[in-house]
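# Structural overview for review
Here's the letter readout for the chains.
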Amino acid sequence: MSCIKDAAWEASVLKYIYRVIVLIAIFIGALYYFSGDIKVVVFEVDNTTVMEDATFPLVTIKSGENSINLLHGYSTNLAAGKLRESVIPLDKNKTFEVVISQETYDIKKLNYEVREFNGNALIETDSVSVFEEAGNDKTAKVKLKAELAVDKEYAVKITLITSESEKMYYYQRIKIYENAYLKEKLDFILDFHDAIMDKAKADSIITYLESTTSADNTSLAYVNINSNFELISWAGLKPVVLTEVIPTIREIYVDTASVELEYYMEAEVAGVKEKYRITEFYRVRYSKERMYLLNYERRMEAIFDINLASVNKSELKLGITSDKEISSLTSADQKKLAFVRNNELWFYDLENNIITKVFSFRQDNTDYLRELYDQHKIRILNMDAEGNLDFMVYGYMNRGQYEGRVAIILYRFLRSENRIEELVYIPVEEPYQTLKEDLGELTYVNSMEVFYFHVYNNIYSYNLITRELSEIAANINTDQVVILKNLNYAAWQESSDPKVNKNIKIMNLESGTVETIEAKAGYTIRLMDAIDTNLIYGYVLEADISSMMDGSIMAPLSTVEIASVDKNVLKSYSKSGYYVAGLEVKDNIVELRRVQKINENGRMSYALADQDYIMNQVKVEEKPIKVTTRVTDQALTELYMSLPEGFVMSQLPNVINTVNTIITEDPTIRLPIDRQERLYYYPYISGGIEAAYENAADAIAVARDHIGVVWSNNQQLIWERGVKSTKRTITEFESSSWSPTTSNTTSTCLKLLLEYQKVNVAIGQLSVTDSSAYDVLKKYSSNTPIRLTGITLDDALYYVSKGRPVIAMTDVTNAVVIYGYDAFNIMVIDPTKSKVTKIGIGDSASMFADAGNVFLSYLEQ
């Protein structure tokens, strides 16, 4: 019996040995067969490289005697109307010159297109193949032939074609004026700029300043027309300009212009030369008698230099800057630090006092202009215990293999090998300014190598191992998503429509599991915000949802709840007779904007009530990284970054640079092109988009306060600061006829506005009893209606100035048509009266404000 057992045992051992031998053989065979693929994953030193230098030609425009508008090239063919960084004012001859600094390219041909902003219709296209040459520069002369309207913006795309048939694209706007007095405006601006650089000449600009005692004169980081003379003339610094100062025309009209000067300079501080990026913004008005300085703003940002670190105090010098927010991430043991400064990513190994420049477009032989173009951002996603980083670069790529492209790129920094590896490349067909508004806060890579990101109102997951792209949620705008970074959770509501949304989704970004908070029967649910590590949401009784006259939906919360991510309700708020229209989280307080229900002329509405508050016990955690200030007579206020407590910098850190990994597998993700688009309003300030808003009034308020213009994402002009004429009357309304009424004034106003648009609709079809004035306009108007609720009367008169009447609500159900104004009165048609009426500016502003400043008008096609 024992022999049988021994034999069986030996057989089983032999079987096991044979199986191991077979597996080893299969493994060795697989190594041989798949060796080509394994090289993609296992990198040797020879598989790395440094980033290529910037090579694209720079382009400037010459209009008359003036060189203006430094342009950067794109390697992808974008829609011309999507970029509006600068504008060329042209006279009736419609000629301008394109000056090309070729660099390493040989430009053989220039094509150009002129298009409408709204609709992108092609107006003119032609080419130039004969150039004037001077050194490395080529100049092409362009003369437009198409008939173009005065004081209207058109989009221009310039395509450079090289001897190797490569194409690079440049974008501009043009406006036609008989005379925009560009030379006079630029002469004044450049004289002002030259004067402030030399204190001996600077006295000449004092008369243009509006210095006030309330201005902050403690920092050179931000200076404006209200600052004192000493600050405007650089205090104790002696600036040396390092780059050519080329004016960028941001906005231009006959009498006014908004112009920006951007350049790099050097100044000596405490015996050490430091470099700075400077932007000067001018708004000027021309008159035959003199020039007026309407606004002056200057921003100064120190270029981060690790060699300026304060060893004695163990701090990194940020220098003269107004950017006090540091994007950073610290390891759990506080021995490793990653941070972003001047669009450069740094990793600081505190334990060994070694700092690594992980990612930067800045090159050693810098000309400051190409590779420091600031149309991109870096976002740190995570850091593991070893100091490896996942980070994202999004926007315009200044140099390297993607030079001239706009993209979202996910990188990984492998600390032990001191290299960065490209994981994902997402090309996009829009400029950085709109991309930054379309890219949500949700960007996360979990431990299972799944990359979550939110862009173009969709939430995606991408498996970095299987390379599978999945859509997690669709039609979710950035306002619908709440991120709980400390817990690695994200939440969103399924629909932006408060009338129908029934669910809030809560995703664990590590595990990928999703939980749901469901609305109670007869209610909808709205996700509002987060406080600490908890969600804030509320329930809306369906019967309380009301459509306002301007077409907006009022969906006030009857109950507000604060809950943890596991759906445990921590606090609940409700008060009889009160509703919550909105809320704001301020530290450990939730501020509730409350309303009460009213019924006016049979229409349900809501009136503002006093605010209320929810107190929350928030655990305040000390940030390991802080910003400190130091003040000197020479440079005034400078900022420093303190490092984690207990760290002592014995000497300047050793600086090393990363190398790029050469990848042989395509990391490209191409997003579905049928993305859902919503209507957004962009306030353009100094050529850039300040933010994206769904309400036009919010965007107009920003443009008003910061001297800008508002465009929609459909490339429609919405509003402009400072161009409203002093008086205007739309004379067609002087002869209008209507039947006085007290019951359907809004319908009468709608009929009058539609008749002005040559649209005839019976007044019976214009009832707003079960609809809104906005919806009626949307149904019948030949133009695009716009809701302007929340702007001031003065802002609304911009539309009248442009020849577009405005419907203004005087209470919940009644309205008037504003068709004219002067310095003292507005001209209105009040349907309760039999003739046109004048109302004082002050009285009418108060009347409309009491009614909620509800205004409606339309956009030009």
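Fair warning: this is a prediction, and the values are worked out from it, not measured in the lab.

Thresholds, definitions, all that
- Residues numbered from 1 in each chain as written.
- Predicted model: local features only at pLDDT ≥ 70, side-chain atom pairs only at ≥ 80, totals over all residues.
- Heavy atoms only, no water.
- Helix = DSSP H or I, 4+ residues; strand = E, 2+ residues; numbered from the N terminus.
- Rg over C-alpha atoms; globule rule 2.2 N^0.38 Å.
- Buried < 20%, exposed > 50% of the residue type's maximum accessible area, 1.4 Å probe, protein only.
- Polar contact = N/O pair within 3.5 Å; in protein donor to acceptor, adjacent residues only side chain to side chain.
- Contact = heavy atoms within 4.5 Å.
- Pairing = 2+ DSSP bridges.
- Axes fitted to C-alpha atoms, helices over the stretch in contact; angles between N-to-C directions.
- Salt bridge = Lys/Arg side-chain N within 4 Å of Asp/Glu carboxyl O.
- Core = buried A, V, L, I, M, F, W, Y, C linked by side-chain atoms within 4.5 Å.
- Parallel < 35°, antiparallel > 145°, perpendicular 65-115°, else oblique.
- Left-handed = near helix turned anticlockwise from the far one by under 90°.
- Nonpolar A, V, L, I, M, F, W, Y, C, P; charged D, E, K, R; others polar.
- Phe/Tyr/Trp six-rings, centres within 6.5 Å; stacked < 30°, edge-to-face > 60°.
- Lys NZ or Arg CZ within 6 Å of the ring centre and 35° of its normal.
- Expected span 1.5 Å × (residues − 1).
- pLDDT = per-residue confidence, 0-100.

Each helix and strand in the protein chain was counted, giving 11 helices and 59 strands. In terms of overall dimensions, the protein chain is globule-like: its C-alpha atoms have a radius of gyration of 31 Å, near the 29 Å expected for 861 residues. In terms of its C-alpha atoms, the protein chain occupies a principal-axis envelope of roughly 120 × 75 × 55 Å. The buried share of the protein chain, reckoned over its 861 residues, is 53%.

With respect to the helices and strands, E720 occurs in strand 52 (residues 717-720). Look at E720 and you get buried, because its relative accessible area is 7%. In terms of polar contacts, E720 uses its side chain to reach the side chain of Y253, at 2.8 Å. Within polar-contact distance, the side chain of E720 engages the side chain of Y798 at 2.7 Å. Not counting residues within four places of it along the chain, the set of residues in contact with E720 comprises Y253, G708, V709, Y798 and K802.

Moving on to the sheet that holds strand 47 (residues 654-657). Read from one edge to the other, the open sheet built from 5 strands follows the order 19-20-21-22-47, with strand pairing classed as mixed. With one partner strand each, in any of the chains shown, strand 19 (327-330) and strand 47 form the two edges of the open sheet. The average angle at which neighbouring strand axes cross in this sheet is 20 degrees, direction not considered. Where strand 22 (residues 354-359) meets strand 47, 4 bridges bridge the pair, whose relative direction is parallel. When the sheet's bridge partners are listed, T356 is paired in strand 47 with I656.

This next bit is on the sheet that holds strand 28 (residues 450-455). Here we have 4 strands laid out as an open sheet, ordered 27-28-29-30, and antiparallel in their pairing. Two strands close off the open sheet at either side, each with one partner strand: strand 27 (439-445) and strand 30 (468-473). Between one strand axis and the next, the sheet turns by 15 degrees as a mean value, whatever way the strands run. Judged from the 4 bridges that link them, strand 27 and strand 28 form a sheet pairing that is antiparallel.

Turning to unusual backbone geometry, a few remarks are in order. Leaving glycine out, the prevailing phi sign among residues is negative, and the prevailing peptide bond configuration is trans. Although it is not a glycine, Y368 adopts a positive phi angle of roughly 70 degrees. Residue position: Y368 is located in the loop between strand 22 and strand 23 (376-383). Phi angles above zero are rare outside glycine, and L636 is one such case at about 60 degrees. One can find L636 in strand 46 (residues 636-642).

As a further point, take the pattern of salt bridges. Under the definition given, this model contains 54 salt bridges. Among the salt bridges present, the one from K108 reaches D106, with a minimum N-O distance of 3.3 Å. Assessed through its relative accessible area of 30%, D106 is described here as partly exposed. A salt bridge links E351 to K335, with the nearest nitrogen and oxygen atoms 3.5 Å apart. With a gap of 16 residues between them, E351 in the loop between strand 21 (344-349) and strand 22 and K335 in the loop between strand 19 and strand 20 (336-341) connect regions that are remote in the sequence. The exposure class of E351 is exposed, given its relative accessible area of 56%. Among the residues examined, K335 registers a relative accessible area of 37% and is labelled partly exposed. Within this structure, R84, E153, R173 and E251 form a network of salt bridges that share partners.

Moving on to the nonpolar core. The biggest cluster of nonpolar side chains holds 113 residues, and the ones touching the most others in it are L110 and F451. When residues no more than four places from it in sequence are discounted, the contact partners of F451 are L381, M392, L410, V424, Y444, V445, Y460, S461, Y462 and L464. With 56 residues, the next largest nonpolar core counts A697, C749, Y774 and I807 among its residues.

On to the packing of helix 8 (residues 745-756) against helix 9 (residues 773-780). The N-to-C vectors of helix 8 and helix 9 enclose an angle of 30 degrees; their axes lie 11 Å apart at closest approach. Taken together, the axis directions place helix 8 and helix 9 in an arrangement best described as roughly parallel. For the element pair helix 8 and helix 9, the recorded crossing hand is right-handed. Counted together, T746, L750, L753 and L754 of helix 8 and A773, V776, L777 and Y780 of helix 9 form the full contact between these two elements. In the contact of helix 8 with helix 9, the residues fall into 7 nonpolar, 1 polar and no charged.

Position of V424 among the secondary structure elements: in strand 26 (residues 419-427). On the basis of relative accessible area, V424 is assigned to the buried category, the value being 1%. Distance from V424 to Q715, taken between C-alpha atoms, is 30 Å for residues 291 residues apart in sequence.

All right, on to the side chain of T434 then. Along the polypeptide, T434 turns up in helix 6 (residues 432-438). Apart from residues lying up to four places away in sequence, T434 is in contact with Y682 and I689.

Attention now moves to the packing of aromatic side chains. One pass over the structure, following the stated rule, counts 32 aromatic pairs. Here Y682 and Y684 contribute two aromatic rings whose centre-to-centre distance is 6.5 Å and whose plane-to-plane angle is 85 degrees, an arrangement assigned as edge-to-face. The same class applies to Y682 and to Y684, which are both buried. Among the aromatic residues, those joined into a ring-pair cluster are Y74, Y171, Y373 and Y396. The aromatic ring of Y578 is capped on one face by R594, whose charged end is 3.9 Å from the ring centroid. The positively charged end of R787 is found above the aromatic ring belonging to Y774, 4.5 Å away from the centroid.

Moving on to helix 8. Quick reminder: α-helices carry 3.6 residues per turn. Residues three or four places apart thus point the same way. For helix 8, which comprises 12 residues, the first-to-last C-alpha distance of 17 Å matches the rise-based estimate of 16 Å (1.5 Å per residue) to within 8%. Of all 12 residues in helix 8, 9 are buried; the element is thus mostly enclosed. Among all positions of helix 8, only T745, T746, S747, T748, C749, L750, L752, L753 and L754 are buried. On its buried side, helix 8 packs onto helix 9, strand 55 (806-809), strand 56 (815-821), strand 57 (825-829) and strand 59 (855-859). Of the residues trailing helix 8, K758 is marked for its positive phi of about 65 degrees.

Of all residues in the protein chain, 94% attain a pLDDT of 70 or more, and the chain-wide mean is 91. Throughout residues 1-46 the model reports pLDDT below 50, and contacts reaching past four residues in sequence, or to other chains, amount to 10 contacts.

In terms of burial, strand 46 is largely enclosed, as 7 of its 7 residues are buried. In this sheet, strand 46 lies alongside strand 18 (residues 315-319) in antiparallel orientation, the contact comprising 4 bridges. Opposite L316, over in strand 46, you have M641 as the bridge partner. Note that strand 45 (residues 626-632) and strand 46 share 7 bridges and pair antiparallel. Bridge pairing in strand 46 places T628 opposite Y640.

It is worth spelling out the environment of L423 at this point. Note on placement: L423 falls in strand 26. L423 sits in the buried class, given a relative accessible area of 11%. On a C-alpha basis, the gap between L423 and I465 in space is 10.0 Å, while along the polypeptide they are 42 residues apart. Excluding residues within four positions of it along the chain, L423 makes contact with D390, L410, Y411, R412, L464, R467 and P667.

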